[in-house]
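Observations on the three-dimensional arrangement
Read off the chains here:
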Amino acid sequence: MTRVWDGVMHAVVLLVAAFVMALAFPRTDWWLTSWLGLAPLLVIATIRRPGPAFFWGWASGTLFFTVLLRWLHFTFQIYSAIPWPLVWGPLILLAAYCGLWTGVVSWAVSWLTARRSAAFALAVAPFLWVAAEWLRGHLFGGFPWGTLGYSQYLRLRVIQIAELAGVHGVSFLLLAVNAALAGCLVLSRRHALTGVVAAGVLLGATLLFGTIRLAETAPGPQVRVSVIQPSIEQPLKWEPRYTQETLDIYFALLRRLAGAHSQLIVWPETAAPTILRRDPALVDRLAAASAELGAPMVVGSIDVVGERFRNTAFLINAAGIGGRYDKIQLVPFGEFVPLSGLLGFVRGWAQFIAELEAGTRAVVFNAPPAPFGVVICYEGIFPDLFRQFVRDGALLMLNMTNDAWFGRTSGPEQHLTMYPFRAIEHRISVVRAANTGVSAFIAPSGMIVRRLNLFERDVMTEGVSLRTRRTLFTRVGDWLGLLSLAVGGAALAASWRRAAPMGTV
């Protein structure tokens, strides 16, 4: 009976912790829960055998991602033909896959406790967590959504360390604090105090570094950039009867930029309601608008290359099309179907499943007002891809996206949380143009300087700083993810043949 009661209590504590930790992300932004929410799982992992520890880790991770990704239910419900009883199925499957990594970390902590000690396992836990995040962000095309560090996107003093170690640096800090809290419950006083001091030093150094960085004045020249948020409902974007009205909305918004002295104008992803290169009248109209406003424009459009469709950003100037970038990182089950020979039947299930061809290289537009790169849609959540543009010479980064598929859910807000980290990682300004939101200007400090709300139809113009330095992250990339893989793997390998000493903690 006692064992059953313990199981019930473990389930209640873990699932409540997982639920509230998911609320650390938008829209609730209960950021503090990320500093506490994993401690119960770490405690249970150190006191349970590896099998049950894996189960509880997987269950809590699956609940966390179900709550976090609940906005996907809206998309499947509105834009798919999946029967109502099964509409939660894709979300649960994705959450279970992501939660699997939490289960693996829980298993590893339990296994290291059995082989070595709880103190050793908790010391290695931050490396294990970051290694799991890194693998989830790279395997099978990668899905880094919900990386724990993103929950702190509004805590500017904390996230400045992204310049050194990316978003995983913040995840590592959060895990170190959670591990120290767990240690206070399962370790001897001496070992627990060691963990608390180590986490305290790491937190103090992080806050000191953040304070110093935020006290610096913004260096370098500025350029004036405008963004257009047209707020076109997704069912109307490609409706032929609505094409002229869509264009009227865009050009009415463009007229608001007269006198704004913009040096660059950014439209959202797939903004053109026709295939731009097959619509010379629209190209001429855009070129004329560019000449009148005295600023080039970056316009998103579907393009056709041979017989294949691509998601493209076109540079439009007074002479017409002056350059292009084809999206490299396509959305699985959105812009292509993985293992299409086996899973191709799912294309008939949903309106949002397309079959696009990926681009092959990052493109830096060496055009006025300064060299800039463009990441389309969720490409910006992949630090390695974003870094390619910066290393190739981009002094300014743009993100054009269409999050209308997700309606008024928390999805677009969660998408925004990734870009303060991309800005800090390279000390570069990021300008976002989103169809229905969230459009924003993000400073090199990671501060969201200005934004538009969801489904707000408007334009914004701001002066943005150009990149003037190469950070450690720009130079070496996600070294902490690779280090965590090495440390976690070495800890598991070294403990393989070693039994836990009697009486250790």
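Residues numbered from 1 in each chain as written. Predicted model: local features only at pLDDT ≥ 70, side-chain atom pairs only at ≥ 80, totals over all residues. Heavy atoms only, no water.

Here the focus is the overall build of the chain. On a plain count of helices and strands, the chain comes out with 18 helices and 12 strands. Computed over its C-alpha atoms, the radius of gyration of the chain comes to 24 Å, within 12% of the 23 Å expected for a compact globule of 505 residues. Projected onto its principal axes, the C-alpha coordinates of the chain cover approximately 80 × 55 × 35 Å. Residues counted as buried form 58% of the 505 residues belonging to the chain. Of the roughly 20,700 Å² of accessible surface on the chain, a fraction of 65% belongs to carbon and sulfur atoms. Charge separation in the chain, taken as the distance between the mean sites of 42 positive and 29 negative side-chain charges, equals 11 Å. (Helix = DSSP H or I, 4+ residues; strand = E, 2+ residues; numbered from the N terminus. Rg over C-alpha atoms; globule rule 2.2 N^0.38 Å. Buried < 20%, exposed > 50% of the residue type's maximum accessible area, 1.4 Å probe, protein only. Areas by Shrake-Rupley, 256 points an atom, 1.4 Å probe, with all protein chains shown as cover. Lys, Arg positive; Asp, Glu negative; His and termini not counted. Charge placed at Lys NZ, Arg CZ, Asp CG, Glu CD.)

Another aspect to go through is the environment of Leu-247. Tracing the backbone through its elements, the reader meets Leu-247 in helix α11 (residues 243-255). Taking relative accessible area as the criterion, Leu-247 reaches 8% and is therefore assigned buried. Taking C-alpha positions, Leu-247 is 58 Å from Pro-52, a pair spaced 195 residues apart along the chain.

Moving on, we come to the pattern of salt bridges. According to the stated counting rule, one finds 14 salt bridges in the structure shown. The salt bridge partner of Arg-310 is Glu-357, with a shortest N-O separation of 2.8 Å. On the criterion of sequence distance, the pair formed by Arg-310 in strand β4 (residues 308-317) and Glu-357 in the loop between α13 (340-343) and β6 (364-365) is long-range, its members being 47 residues apart. Note on Glu-357: relative accessible area 24%, which makes it partly exposed. (Salt bridge = Lys/Arg side-chain N within 4 Å of Asp/Glu carboxyl O.)

It is worth spelling out unusual backbone geometry at this point. Between Pro-26 and Arg-27 the backbone carries a cis peptide bond, its omega angle lying at 10°. Cis geometry marks the peptide bond from Gly-437 to Val-438; its omega dihedral reads 10°. Mapped onto the elements of the fold, Val-438 is located in the loop between β9 (430-434) and β10 (440-442). Even without being a glycine, Arg-427 presents a positive backbone phi close to 50°. As for its position among the elements, Arg-427 is in the loop between α16 (419-426) and β9. For Arg-427, a relative accessible area of 8% corresponds to the buried category.

As a further point, take the packing of aromatic side chains. Within this structure, the stated rule accounts for 18 aromatic pairs. For the ring pair Trp-107 and Trp-111, a centre distance of 5.8 Å and an interplane angle of 20° mean the geometry is stacked. You can see Trp-107 and its partner Trp-111 sitting in helix α5 (residues 89-115), 4 residues apart, about one turn around the helix. Using a relative accessible area of 32% as the deciding quantity, one classes Trp-107 as partly exposed. Following the ring pairs from residue to residue traces out a cluster consisting of Trp-71, Phe-143, Trp-145 and Phe-406. Between the NZ or CZ atom of Arg-116 and the centre of the ring of Phe-120, over which it lies, the distance is 4.2 Å. Arg-408 extends its terminal NZ or CZ atom over the ring of Phe-455, reaching a point 4.2 Å from the ring centre. (Phe/Tyr/Trp six-rings, centres within 6.5 Å; stacked < 30°, edge-to-face > 60°. Lys NZ or Arg CZ within 6 Å of the ring centre and 35° of its normal.)

If you look at the biggest cluster of nonpolar residues, it comprises 122 residues, and the most contacted ones within it are Val-374 and Leu-396. In this structure Val-374 touches Val-298, Ala-313, Tyr-325, Phe-365, Glu-379, Phe-389, Met-397, Leu-398 and Met-400, once residues within four positions along its chain are discounted. By size, the runner-up hydrophobic cluster in this structure holds 26 residues, among which are Ile-232, Phe-251, Leu-257 and Leu-286. (Core = buried A, V, L, I, M, F, W, Y, C linked by side-chain atoms within 4.5 Å. Contact = heavy atoms within 4.5 Å.)

We now examine a nonpolar patch on the surface. On the surface, Leu-164, Leu-472, Val-476, Trp-479 and Leu-483 cluster together to form a nonpolar patch covering roughly 380 Å² of accessible area. Those elements that provide at least two residues to the nonpolar patch are α17 (472-476) and α18 (479-494). The residue Leu-483 is located in helix α18 in this model. Residue class for Leu-483 comes out partly exposed when judged on its relative accessible area of 36%. (Patch = residues over 30% accessible without salt bridge, like charges linked within 9 Å, V, L, I, M, F, W, Y side chains within 5 Å.)

That's the geometry; what it means functionally is another story.
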